Amino acid sequence: MLAFISRRMAAAVAMLLVIGTIIFSLLIIVPGDPAELLLSTGGGSASAEAIANLRVNMGLDKPVLTQYVTFLYNTARLDFGTSIVDNGSISSVIALRLPRTLEIIIAGTIFALLLAIPAGTAAGLRAGGKFDITASAINALLTSIPGFVLGTLFIFFFAQVLGWLPAGGYVAFATNPMQHLQMLVLPALTVGLHLATIVFRMTRASVLEMRGHDWVRTAVAKGLRRKRVVRRHILYNALGPIITVVGLQLGILLGSTVLVEFIYNWPGLSGLLVSAVEQRDYPTVRAVILTVAAIFIGINLVIDILSSLLDPRIRLQ
Amino acid sequence: MMSVRNFHKRMILPSLFLAALIIIPFAAPLITADDPVKIAVRYRLAAPDLEHWLGRDEFGRDRLARVLYGGQVSLTVAFVATTIACIIGTFFGLVGAYFRGPSEFVTSRLSDIVLCFPPILLALLVVTLFGPGSVTLVAVLSVLYFPTFARITFSEALRVTSLDFVEASRALGTPSYRIVLGTVLPNIAGPLSVQYSLTAAAAITIESGLSFLGLGVVPPAPSWGQMIRGARQFMNQDPLGIMIPCAALVLTIFAINFFCDRLRDTLDPKGASGSSMDEVSKPKAQADAPTIKDPDVVAVINKLRLETAHFGTPAVIEDVSLILRANQCTALVGESGSGKSLSSLALMGLLPGAIRQVGGTLQLRRKSDEVVDLGFLDARTLEDIRGNDIAMIFQEPMTSLNPIHKISDQMIEAITAHRPMSRSDARAHAIALLKRVGMNDAERRIDSYPDQMSGGMRQRVMIGMALSCEPRLLIADEPTTALDVTIQAEIIELLQTLRQDQGNGLSLLFISHNLGVVADIADRVAVMYSGLIVEEGPAAQILRDPHHPYTRALIESMPSSHEELNSARGDRLPAISGTPPLPSARPSGCTFRDRCPIALPACADIRPALYPSADGERAVRCLRAPEAPAGVMNHQTEAA
Amino acid sequence: MTPSDCLSPTRRGVLISLGAGIVAMSLPQGTLAQTPASVLKFGLSTFPPTIKPFDNTGGAANTVKLMLYRGLMGYDASGKLVTELADSFSWTDPTTVVFKLRPNAVFHDGSPVTSADVAFSLNAITKEGSTAFLKSDLKIISAVEAVDDKTVKITLKAPSAIFLDLLASYCCPVISKKSTDSETIGAGPFTLKGSEKNVYIEVARFKDFYMADQPRVEGIRFVAYADENLRYAALEAGDVDLIEYLPWTQFDTVEASKTLKMKATLGPFMFLLFNVTSGPFANPKVRQAVGYAIERQDVVEAAFAGRGEPLFGFPNPRGSTFDLADPAHEWKYDVEKAKALLTEAGYANGFECRLLATATYGMHQDTASVVQAYLGAIGINATLDLPDWGTRVTAGKEGKYDIAVHGTSGNYNDPDALWSLLYSGNPSYLQSFGFKSARIDGLLEQGRNEVDPDKRKAIYQQLVVAYYEEVPQVPLNWRIQAYAMKQSVEGFEQLPGFLSGSSGYALDETKFA
């Protein structure tokens, strides 16, 4: 187990190095000059001299190789450095933003799991029944609604027509817990509903598969209560694939919150990336991408460990 | 045969739906003469009228034209990108899987790296950096999705290349490209086509999302995402504007998903929602059934008839009656598919959901001496009876235990389900049971997982578990078939011993195709063929002097050595040709006549009844048996 | 073991990890007190990338800068030049001006504003290596001399008609000489209270501000809403009290509203730029043809929901002291004339070209869409190029386009404000790529250095003709810029014309009813 984890960790570090290099090179060939951009915000312009001076201040006059080595060295020390736009510490901005993105994702995931696992189980147990047909049809429809369409429609109905919830924005939990939670509802619902459709399908398929196994017949033959058979001999076994899917989705969600954060003006990590790309704030772009990739790789690692805990067959290998 | 018909039937609706949604946008010039990019600012946001069915957008452009031409753009981008991704991914996957070595490493690492980037994030980054446009979009989407294709191709191709016929063509020196293109590729086309549709749907979503952010298709060329972006500003004044592209987008993705689901179900029916029932179908109540009078009788199956749930299909079990007594071992013998297992499952109330009991009764004397008709019991009482009054051992010890729970947990739950006791008491009881079934070091091994045990050990666990509540009836469904020969003998011996040791007069229903084993253990034998009991009586008499030609064939087919015994597995009868007929293809008259060496023309007309012998000890279902009434063959018209 | 126990290992695990997550995210992020009622909540269109006093990093940054820093001069709510840190000033000759500083003006650290601070600030703008917006404009200063602690004498190299306007710029504040790169000490009406990158900036009333009764609110909380629809939704929902850049599509709603009101001005203008180094657009006739080919009212309708005015010639700002109207030198919509000009230039059959705009700003994209449609009508087939803003700026600077859409505003209501758009000595993406005209440059220089109003007017009238004949840009329309606010917000005014971006000055007098 330990060897397994350390091997995976080494692979993860190598992967991050490759990703960092790819991002670094991408940003070099990209058009757009952060210095000129900063001094042209909103449509103005500055003198060529001022722009040149700002480039020096930003450290962009140094040779590319020097910049690359500095970047690798600093990243290895887990130091993301400072933004070239406002000289703020990137690590502290990420530390502030990441939890907010995770908050939407986690709230959405809880919603998705609470909704989809019972529904998926019920549908899987009675595949072809009325509930299954209804739920599967609704699910197919929901799967087909892209998140940004759902978000736009949510704002339209819940905020503008009905006026039940704020249209978007963010207030720290510490400032106003009630308002914070109100603002969380729509983004979390948008993320959660989409995830729920995936979890539902997976749960249904997994339960359908598990319920056909011989050990389920054994459990019934033992005279176990139906509830217990379902929980312990169908659902518990089905959890492995469900966890894998949820885990993978969490990683993907980390990226796809871009649209959700945009629509709801939620100041999360994705929004930081978007504005950093707009401003050509190279260190911030690199730091955010690396963070997201690291989390993604981390999630995959955790899934592997979790599934081996759930299934002794993997553990025993 | 069935799958082909179903394939067509189930695919018609989704195919039509999808085709319509793909064709309609491309038929735009036939539907509207309007130009999707022609601006008429004076008519901005005009309401629908006869000339502009869906009204006009914020530039006064015709919405119908825009939503149709927008579909062309969205679909083209998505399908071109998916096709490129599919080709590149399949290529990498095939090369990786077929040649292995370094190419495998490159394929999997490359995929891993791309998969590290969440799709939208990467798309957003690249499109922002390299400027929007259809070409950038196609490039980004292709890069995003080829790893998924590579992975699927890789794993599927690995499976296929290890198949015998591929190995064979390799050995014959067929060129690699011909093996890959001619043999491997067609075999992995199914999963690939499912992935293709899935990816196309995802590509449409991302394309529209990026266009929504202004990073997708470049105006004035319409695209659905862009239309949503434009209409969003006017959402309050003009909800129709945003509803139209949203609806088009959602419908198209829905059509693809729908198609994809059906395709997957058709290619891999395992996941299909075929059965409309619960996993267990309930026994049927029969009001006029006689009750068991004889205190020695533990269970009675009377005139059982089972059908599949599909309407109009013939019975899988036509007529089975059995009386099971205490201290007796009844063997149910027959080839695979004869209905032995179904009969025993019916007695457990464990019939698969697809099978229905349409006639007969199932009665049981519980440990309390109360006689119950299974058909009258509610689900909870059935649960109380299972494992407590009747227990069952299955054929496959490798899959009959849940692989992710410890043996201890699985045994303890069997005990505590019927006997309220503490966990530690139940554990002690379980250890005692394991010792009783001959497991060494039971204290330690009880905490292992099924996968840490051999098949024989697992079957011992199953037996121990079955006996945990001291049932009156134990059903053993081919308990040794899956085991190795020496272990088989041990298990049979164990069952013998246990049967004799059991204080309360255990009745054993032993299901087997192997008459050698039956001879060792059974008191009575019932032979089944094609859903019917064809011969029944004391084991010694039947095995010595079979009256039914089928029983005779079974006995003649009995393997002499243990090796053959193991290899035969009841699938083939060397003594007679042919296989048992499917329920839907049963011949008229005697169901065995096609294979029968002594069949008469009359056998085609008369379906024989189970004729009892004079002493009532045995019965046989054959016109040529000594028990058959003398005149039966002369009353053809009457019987027909 | 009860049935409910059977899921417990995972369930417990999930709960623990969720719990940890929730605790982590609910930890107070820089414990903010509840916003008091008299704090004005201001919805910005973008988060200020920096708030460096002398750099121009956009309208949002400039508004915030006006809260923290003040210069010698400023504007009142009607757009009139007024003194800020200066108590009074006098021109001793056309190139020498003497400022008396306000005796009660103090910096946020409590130290008085002195002439040494003024000299320090002006030097910081003009010194070597500075990135200041006004660096080249203020090169006109030859000396800054501290006569005494509260008197400062500035000598210019040449007379300047717009020197005081430069001093009133949001990019020309006076900061304490104790300021460092990381900490700037200003003398504005508010002090910086807290901020979070890309989310909000909060400022608190500076009690020692030299205007005793100002500001009238306890503080201002600036919140960034990059999406205009959301910005408006936030105002409508009451999340903020005041927003800038009210989306044009919402003007009708606000006008009809009982709870909201707006302040609008015809400020910035939209125009087309050309790459004149090669191809058809090197020929002024082709550029003139473009000028005649576009129905400008349609741009106003489609891109600005009808909120603007067509602009047919030289963009003399609203509020300018000169009337430069000259109908003889304007491009009215005239397809025949446009086609004739194209034929004359040898492009009777039209040509293909690339039209550069940006997807980042909807108005640029929408304007480009209309322009593209009208160019098509005279045979010019333009392909739209809509990169993000960053790429757009670089493409503009490097001349990677044939025609480009742009919109901007000057900094003061004087024809000289067009200097940065027309003066070829300072090329940028705001100017047609490769465009150079000694005639236009000369007129601009003359106008700047002439202090007699009548003579200036005559110079700019010539500029109007030169603008029409040489076509450094094709003007499209003025656009209305509006702030929207709750009815309860009083005293806020939109400064007129090009001063729209300096409306932050009016926040001094803004209060709640």
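About the criteria used
- Residues numbered from 1 in each chain as written.
- Chains lettered and ligands numbered in written order.
- Predicted model: local features only at pLDDT ≥ 70, side-chain atom pairs only at ≥ 80, totals over all residues.
- Helix = DSSP H or I, 4+ residues; strand = E, 2+ residues; numbered from the N terminus.
- Rg over C-alpha atoms; globule rule 2.2 N^0.38 Å.
- Buried ≥ 20, exposed ≤ 12 C-beta atoms within 10 Å, placed from the backbone.
- Contact = placed C-beta atoms within 7 Å.
- Pairing = 2+ DSSP bridges.
- Axes fitted to C-alpha atoms, helices over the stretch in contact; angles between N-to-C directions.
- Domains from an automatic or database assignment.
- Expected span 1.5 Å × (residues − 1).
- Bend = angle between axes of the 7 residues up to and from the residue.
- Nonpolar A, V, L, I, M, F, W, Y, C, P; charged D, E, K, R; others polar.
- pLDDT = per-residue confidence, 0-100.
- Parallel < 35°, antiparallel > 145°, perpendicular 65-115°, else oblique.
- Left-handed = near helix turned anticlockwise from the far one by under 90°.

**Student:** Quick rundown of the overall build of chain C? Include the residues and the values.
**Tutor:** Secondary structure assignment for chain C yields 14 helices and 19 strands. On C-alpha atoms alone, chain C measures out to a radius of gyration of 26 Å, which is about the 24 Å that the 2.2 N^0.38 rule sets for 513 residues. Its C-alpha atoms give chain C principal-axis dimensions of about 90 × 75 × 45 Å. Within chain C, the proportion of its 513 residues that are buried is 56%. By sequence separation, contacts in chain C at least 24 residues apart represent 69% of the contacts at least 6 residues apart.

**Student:** Go over the overall build of chain B, please, and point to the residues and values.
**Tutor:** Helix and strand content of chain B: 23 helices and 12 strands. Here chain B, with 640 residues, has 51% of them falling under the buried criterion.

**Student:** Give me the lowdown on the sheet that holds strand E5 (residues 96–101) of chain C, citing residues and values where you can.
**Tutor:** Note: strands within a sheet are paired through backbone hydrogen bonds, in either parallel or antiparallel orientation. Residue and element names in this part refer to chain C. Strand order across the open sheet formed by four strands is E4-E5-E7-E6, with antiparallel pairing between neighbours. Both edges of this open sheet fall to strand E4 (86–93) and strand E6 (141–148), since each of them pairs with a single strand only. With strand direction ignored, the average angle separating the axes of adjacent strands in the sheet is 20 degrees. Here E6 runs beside strand E7 (residues 151–156); their pairing, made up of six bridges, is antiparallel. Looking across to E7, one finds that alanine 146 is bridged to valine 152. On the sheet, helix H3 (residues 115–126) packs against E5, E6 and E7 and is oriented at approximately 165 degrees with respect to E6.

**Student:** Give me the lowdown on the domain arrangement of chain B, citing residues and values where you can.
**Tutor:** According to the domain assignment, chain B contains domain 1 (27–42 + 51–252) and domain 2 (551–639). When each unit is reduced to the centre of its C-alpha atoms, the spacing between domain 1 of chain B and domain 2 of chain B is 61 Å.

**Student:** Any chance you could break down helix H5 (residues 90–125) of chain A for me, citing the residues and the numbers?
**Tutor:** Between its first and last C-alpha atoms H5 of chain A spans 49 Å; for 36 residues at 1.5 Å apiece the expected length is 52 Å, and the two agree. At alanine 116 of chain A, H5 of chain A is bent by approximately 25 degrees, the largest bend along its length, and proline proline 118 of chain A sits one to four residues beyond.

**Student:** Which residues make up the pairing of E5 of chain C, and what values go with them?
**Tutor:** Residue and element names in this part refer to chain C. Along E5, the buried face is formed by Val97, Phe99 and Leu101; none of Thr96, Val98 and Lys100, which line the opposite face, is buried. The pairing of E4 with E5 spans six bridges and is classified as antiparallel. The residue bridging serine 88 from the neighbouring strand is lysine 100, located in E5. Between E4 and E5, which pair antiparallel one after the other, the connecting turn spans two residues. Relative to E7, E5 is paired through five bridges, and the arrangement is antiparallel. From the neighbouring strand, lysine 100 faces E7, where its bridge partner is threonine 151.

**Student:** Any chance you could break down the interface of chain A and chain C for me, citing the residues and the numbers?
**Tutor:** With 58 residues of chain A at the interface, the matching set in chain C holds 56 residues. At the level of secondary structure, the elements contributing two or more residues to the side of chain A that touches chain C comprise helix H2 (34–38), helix H3 (48–58), H5, helix H7 (147–161), helix H10 (226–264) and helix H11 (269–279) of chain A. Among the elements that take part in the side of chain A that touches chain C, H5 of chain A stands out by supplying eight residues, more than any other. Class assignment for the residues of the side of chain A that touches chain C results in 26 nonpolar, 19 polar and 13 charged.

**Student:** If you had to explain unusual backbone geometry to someone new, which residues and values would you point to?
**Tutor:** Where the residue is not glycine, phi is negative for most of them; where a peptide bond is considered, it is trans in most cases. Residues and elements named next belong to chain C. Glutamine 214 connects to proline 215 through a cis peptide bond whose omega is -15 degrees. Position of proline 215 among the secondary structure elements: in the loop between strand E9 (200–205) and strand E10 (219–224). Of note in the backbone geometry, alanine 305 takes a positive phi value of approximately 50 degrees without being a glycine. With respect to the secondary-structure elements, alanine 305 resides in the loop between helix H8 (296–304) and strand E13 (308–310).

**Student:** Provide a residue-level description of the interface of chain A and chain B, including the pertinent values.
**Tutor:** Opposite the 58 residues of chain A that make contact, chain B presents 64 residues. Going through the elements one at a time, helix H1 (2–29), helix H6 (130–143), H7, helix H8 (177–211), helix H9 (214–221), H10, helix H12 (282–310) and helix H13 (312–316) of chain A are the ones with two or more residues in the side of chain A that touches chain B. No other element matches H10 of chain A, which puts 12 residues into the side of chain A that touches chain B. Here the side of chain A that touches chain B is built from residues that sort into 34 nonpolar, 14 polar and 10 charged.

**Student:** Before we move on, could you go through the confidence of the model for chain B and cite the residues and values that matter?
**Tutor:** Residues and elements named next belong to chain B. For chain B, mean pLDDT is 80; residues scoring 70 or higher make up 89% of the total. Overall, residues 271–278 carries pLDDT values under 50, and its contacts beyond four positions in sequence, including any with other chains, amount to 21 contacts. The low-confidence segment residues 636–640, where pLDDT is below 50, has five contacts with residues more than four positions distant or belonging to other chains.

**Student:** Break down the packing of H8 of chain A against H10 of chain A for me, citing the residues and quoting the values.
**Tutor:** The description of two helices packed together rests on the angle between their axes and the distance between the axes. All names here are of chain A. Direction vectors running N to C along H8 and H10 enclose 160 degrees, while the axes themselves pass 9 Å from each other. Of the possible angle classes, the one that applies to H8 and H10 is roughly antiparallel. In the crossing of H8 with H10, the sense of the turn from one axis to the other is right-handed. Here the residues of the contact of H8 with H10 sort into 19 nonpolar, six polar and one charged.

**Student:** Outline the environment of phenylalanine 234 of chain B, supporting the account with residue identities and numerical values.
**Tutor:** For phenylalanine 234 of chain B, the location among the structural elements is in the loop between helix H9 (224–232) and helix H10 (239–267). Measuring from C-alpha to C-alpha, the distance between phenylalanine 234 of chain B and leucine 249 of chain B comes to 19 Å, with 15 residues separating the pair along the chain. Beyond its immediate stretch of four places on either side in the chain, phenylalanine 234 of chain B contacts Leu45, Glu58 and Gly241 of chain B together with Thr249 of chain C.

**Student:** Outline the confidence of the model for chain C, listing residues and values.
**Tutor:** Residues and elements named next belong to chain C. Overall, the prediction assigns chain C a mean pLDDT of 88, with 93% of residues at 70 or greater. For residues 1–35, every residue scores under 50 in pLDDT, and the model assigns this stretch 34 contacts once sequence neighbours within four places are set aside. Both scores are available for the predicted complex, with the pTM at 0.77 and the ipTM at 0.81.

**Student:** Provide a residue-level description of the packing of H6 of chain A against H10 of chain B, including the pertinent values.
**Tutor:** H10 of chain B packs onto H6 of chain A with a crossing angle of 130 degrees between their chain directions and a minimal axis gap of 8 Å. The angle between the axes of H6 of chain A and H10 of chain B places the two elements in the oblique class. Handedness of the crossing formed by H6 of chain A with H10 of chain B: right-handed. Where H6 of chain A approaches H10 of chain B, its residues Ala140, Leu141 and Thr143 of chain A are matched on the opposing element by Phe254, Asn257 and Phe258 of chain B.

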